[in-house]
Every structure is written in structure tokens, then in C-alpha cells.
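The primary structure of each chain is shown beneath.
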Amino acid sequence: MSDLPKLGNISPLIPAGEDVSAAIAFYEKLGFKMTHKEGDPPHMAIVERDSAVLFLVRNGDKNLANGTSLRIQVTGIEQLYRQMQEYITPKGHLETKPWGPKEFVILDLAGVCLTFYEFSSNTH
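Computed from a predicted structure; not experimentally measured.

Analysis parameters
- Residues numbered from 1 in each chain as written.
- Predicted model: local features only at pLDDT ≥ 70, side-chain atom pairs only at ≥ 80, totals over all residues.
- Heavy atoms only, no water.
- Helix = DSSP H or I, 4+ residues; strand = E, 2+ residues; numbered from the N terminus.
- Buried < 20%, exposed > 50% of the residue type's maximum accessible area, 1.4 Å probe, protein only.
- Pairing = 2+ DSSP bridges.
- 1 Å grid on protein atoms, 1.4 Å probe; cavity = no way out; pocket = protein on both sides within 12 Å on 5 of 7 lines; lining within 4 Å.
- Points joined across faces, edges and corners; volume = space filled by probe spheres on them.
- Nonpolar A, V, L, I, M, F, W, Y, C, P; charged D, E, K, R; others polar.
- Axes fitted to C-alpha atoms, helices over the stretch in contact; angles between N-to-C directions.
- Contact = heavy atoms within 4.5 Å.
- Core = buried A, V, L, I, M, F, W, Y, C linked by side-chain atoms within 4.5 Å.

Trainee: Which residues make up unusual backbone geometry, and what values do they have?
Mentor: Note that the residue after D40, namely P41, is joined by a cis bond; omega there is 5°. Following the sequence through the fold, P41 ends up in the loop between β2 (33–39) and β3 (42–49). Unusually for a residue other than glycine, D50 sits at a positive phi of about 55°. By secondary structure assignment, the location of D50 is in the loop between β3 and β4 (52–57). Take D50: its relative accessible area is 74%, and that puts it in the exposed class.

Trainee: Outline the sheet that holds strand β6 (residues 95–96), supporting the account with residue identities and numerical values.
Mentor: Strand pairing in a sheet relies on backbone hydrogen bonds, with the paired strands running either antiparallel or parallel. Pairing is mixed in the open sheet, where 4 strands are placed in the order β5-β8-β7-β6. The open sheet has two edge strands with one neighbour each: β5 (69–73) and β6. Two elements, β6 and strand β7 (residues 102–107), share 2 bridges in a ladder whose sense is antiparallel. Bridged to E95 within β7 is E103.

Trainee: So, empty space enclosed by the protein: which residues are in play, and what are the values?
Mentor: Taken as a whole and judged by the stated rule, the model has 1 cavity of 30 Å³ or more. If you go around the largest cavity, the residues you meet are A16, A23, F26, Y27, D108, L109 and A110. Taken together, the residues that form the lining of the largest cavity break down as 6 nonpolar, no polar and 1 charged.

Trainee: An account of the sheet that holds strand β1 (residues 13–15) is needed here, citing residue identities and associated values.
Mentor: Read across the open sheet, the 4 strands follow the order β1-β4-β3-β2; overall the sheet is mixed. The open sheet terminates on both sides in strands that have one partner only, identified here as β1 and β2. In this sheet, adjacent strand axes meet at a mean angle of 25° when their direction is disregarded. In terms of strand pairing, β2 meets β3 through 6 bridges, oriented antiparallel. By the bridge assignment, H36 is partnered in β3 with I46.

Trainee: Give a description of the environment of V74 that names residues and reports values.
Mentor: As for its position among the elements, V74 is in the loop between β5 and α3 (77–83). Remark: the alpha-carbon pair of V74 and E103, spanning 29 residues in sequence, is separated by 9.4 Å. For V74, the residues in contact, after removing those within four places along its chain, are L80, F116, Y117 and E118.

Trainee: Give me the lowdown on the nonpolar core, citing residues and values where you can.
Mentor: A general trend in soluble globular proteins is that nonpolar side chains are found buried together. Among the nonpolar cores identified, the biggest contains 30 residues, and Y27, L30, L56, M84, F104, I106 and F116 are the most heavily contacted of them. At the level of secondary structure, the elements contributing two or more residues to this core comprise α1 (20–29), β3, β4, β5, α3, β7 and β8 (113–118). For this core, the element with the most residues is α1, which contributes 5 residues. Ignoring any residue separated from it by four or fewer positions in sequence, one finds I106 in contact with F26, L30, M84, Y87, I88, T89, V112, C113, L114 and F116.

Trainee: Give a detailed account of the layout of surface pockets, specifying residues and quantitative values.
Mentor: Put simply, the largest pocket is a space of about 590 Å³. Around the largest pocket, the lining comprises 22 residues; the ones closest to its centre are S51, A52, I72, Q73 and V74. Breaking the lining of the largest pocket down by element, the ones donating at least two residues are β4, β5, α3 and β8. Here the lining of the largest pocket takes 4 residues from β5, the largest share from any one element.

Here you go:
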């Protein structure tokens, strides 16, 4: 029996802009479900989809949001891409990258970059 440490899922706190309610609505359009919120109006909320858990925190610093980037591993990337088609950034369309994964990019309302990616069975 091993007592070696093991890392689990990561749940980042990300800047949601000044309007956390609008951020919640945006993530719900992406298929996330709000599971918790604090404040009225909210200053923090948790949204989840499958194993992805994001903490949306009120923060209007555009430089912080524009400098924040998340990579979310998925299965069934082509279907997810079709579901999220209207939110894809102009240069973020689905493509296979030289380092292996297929991926596409969305910017949320605050400017946070969300990259959804999937490794094919022969690249990872």
C-alpha cells in the first residue's frame, strides 16, 4: 500500500468581472450549472460541469482577466465544439495542434481564455 501523494481536480478562482450574475448566465449557456453563490448581488459563485469546477469571483481588473487562461480536458470535443459554436473566438476554431490535442477557444465575458482540448488515443 502506497502513501504517495496524489493530486486531484483543480478548481481555480477566476475573475468574473463586476457582474457575477452575468458571468453565471454565460457559463450556464456553456452547459455549466451554478451550485453555489454568495452575496446579493453575488460576489462569488461556483459553476460546475461534469468534473470541471470553477469559482467565479467578482473582480473588474481587465488585465487580470485577460491574463487568465484555463485548459479544460474533454471527451467528445467535436460535439462540444458544435454545442459552443456561437461562443468560439475568431481565431479559436477547432484544430489539431502540433503538440497533439484537438482544441478550441472561448473568451468569457470578463476576458478569461477557456481552451477546451482532447487528446486522440495516439497522442497521449
